[in-house]
Amino acid sequence: MSEMDIMHQAAPTLAGIKAGSLFNCPYHDHQSLVEDCVRLNRILVPKGIRLVPIRILNDRVLVYVYRSKDIEKILSDKQVEHVLEQYGYTNKQPTHCVAHLVHRLQEDSSFPHEVGIFLGYPIEDVIGFIEQRECKWIGCWKVYGDVEKAKQRFDQIHQCTTSYRMMVQQGIAMRSAIVTDEKRCYV
């Protein structure tokens, strides 16, 4: 797993416009994965971001990159708390909740429906998906709530990803491309 992989796949999280990103990377062996995670977290953690390998399937590893403060803020929402309690999340601390999410992803071959919460999706969209309502729009995720607001977010995510891909082409290092909490424009 390389810095380039992270910049391509987790650009909105690195830029501070999305709480988390989830993506697959090639997997070669356990030792290399551990070394990559340690190396990348040395860059990410001081900037408030964490990288966690979640599940290994054959030659791929599912990776979760998230902003701790964003997850903490999301978890403080009463509606989010209520949804997560239904799935066994008893501790509201981000590290505990992420660990429980990892456990749920590893024990089940399908994705737990609450994963959208950890990716920063609006809670009304997560609930709509869980309840299998008819969605109003499909973009980066299925929209059950405010379509116009979601379209703006999708456009922002697309622009961000395009910008980060250009940075990779220009040889800009990941540590230079990460937007710190102090420099973020909160959306």
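Preceding this paragraph is the structure being described.
Residues numbered from 1 in each chain as written. Predicted model: local features only at pLDDT ≥ 70, side-chain atom pairs only at ≥ 80, totals over all residues. Heavy atoms only, no water.

*Asks:* Tell me what's going on with the sheet that holds strand 2 (residues 49-57), and back it up with residues and numbers.
*Replies:* If you trace the three strands from one edge of the open sheet to the other, you get 1-3-2, paired in antiparallel fashion. Strands at the two margins of the open sheet, each flanked by one partner only, are strand 1 (20-26) and strand 2. Each adjacent strand pair in this sheet contributes to an overall mean axis angle of 25 degrees, direction not counted. Taken together, the eight bridges between strand 2 and strand 3 (residues 60-67) define a ladder with antiparallel strand orientation. Paired with V52 across the bridge in strand 3 is Y64. Docked against the sheet, helix 3 (residues 30-44) engages strand 2 and strand 3, running at close to 160 degrees with respect to strand 2. Helix 4 (residues 68-75) rests against strand 2 and strand 3 of the sheet, and its axis sits at about 75 degrees to strand 3. (Pairing = 2+ DSSP bridges. Helix = DSSP H or I, 4+ residues; strand = E, 2+ residues; numbered from the N terminus. Axes fitted to C-alpha atoms, helices over the stretch in contact; angles between N-to-C directions. Contact = heavy atoms within 4.5 Å.)

*Asks:* If you had to explain unusual backbone geometry to someone new, which residues and values would you point to?
*Replies:* One non-glycine residue, N58, lies in the positive phi region at around 55 degrees. For N58, the location among the structural elements is in the loop between strand 2 and strand 3. Note on N58: relative accessible area 75%, which makes it exposed. In this structure, Q132 is a non-glycine residue whose phi angle is positive, near 55 degrees. If you trace the backbone, Q132 turns up in the loop between helix 8 (123-130) and strand 4 (137-138). (Buried < 20%, exposed > 50% of the residue type's maximum accessible area, 1.4 Å probe, protein only.)

*Asks:* Summarise the state of the cysteines; cite the residues concerned and give the values.
*Replies:* In this structure the tally under the stated criterion is zero disulfides. Residue C25 stays outside any disulfide, its sulfur separated by 9.3 Å from that of C37, the closest cysteine. C140 takes part in no disulfide bond, and the closest cysteine sulfur to it belongs to C160, at a distance of 11 Å. Residue classification places C140 among the partly exposed positions, given a relative accessible area of 40%. (Disulfide = S-S within 2.5 Å.)

*Asks:* Before we move on, can you summarise the pattern of salt bridges with the specific residues and values?
*Replies:* Scanning all chains against the criterion turns up six salt bridges. As a salt-bridge pair, R39 and D36 come within 3.2 Å of each other at their nearest N and O atoms. In this pair, R39 and D36 are both assigned in helix 3, three residues apart and thus about one turn of the helix distant. Given a relative accessible area of 35%, R39 falls into the partly exposed group. (Salt bridge = Lys/Arg side-chain N within 4 Å of Asp/Glu carboxyl O.)

*Asks:* Outline helix 9 (residues 147-169), supporting the account with residue identities and numerical values.
*Replies:* One turn of the α-helix equals 3.6 residues, which is why residues spaced by three or four share an orientation. Relative to the 33 Å expected for 23 residues at 1.5 Å per residue, helix 9 spans 33 Å between its end C-alpha atoms, a close match to the ideal helical length. Of the positions making up helix 9, those classed as buried are V147, A150, R153, F154, I157, C160, T161, Y164, M167 and V168. Where helix 9 starts, the residue carrying a side-chain oxygen 3.2 Å from the main-chain nitrogen of E148 turns out to be D146. Taken from the residues just after helix 9, G171 is the one with a positive phi, measuring 80 degrees. (Expected span 1.5 Å × (residues − 1). Polar contact = N/O pair within 3.5 Å; in protein donor to acceptor, adjacent residues only side chain to side chain.)

*Asks:* Can you break down the packing of aromatic side chains residue by residue, with the values?
*Replies:* A complete count under the given rule lists four aromatic pairs for this structure. Their ring planes at 35 degrees and their centres at 5.7 Å tell us that Y89 and F118 sit as a pair that is tilted. Here Y89, found in the loop between helix 5 (78-85) and helix 6 (94-107), pairs with F118, found in helix 7 (residues 115-118); they are 29 residues apart in sequence, far enough to count as distant. With respect to burial, Y89 and F118 carry one shared label: buried. A cation over an aromatic ring shows up here: R55 above the ring of F111, its NZ or CZ 5.4 Å from the ring centre. (Phe/Tyr/Trp six-rings, centres within 6.5 Å; stacked < 30°, edge-to-face > 60°. Lys NZ or Arg CZ within 6 Å of the ring centre and 35° of its normal.)

*Asks:* An account of the nonpolar core is requested, with residue identities and associated values reported.
*Replies:* A general feature of soluble globular proteins is that nonpolar side chains tend to end up buried together. Membership of the largest hydrophobic core comes to 34 residues, with the highest contact counts inside it found for M1, I6, L14, L51, Y164 and M174. Ranked by the residues each element gives to this core, the list is headed by helix 9, at eight residues. Of all hydrophobic cores here, the second largest spans 24 residues; its members include L105, V115, I117 and F118. (Core = buried A, V, L, I, M, F, W, Y, C linked by side-chain atoms within 4.5 Å.)

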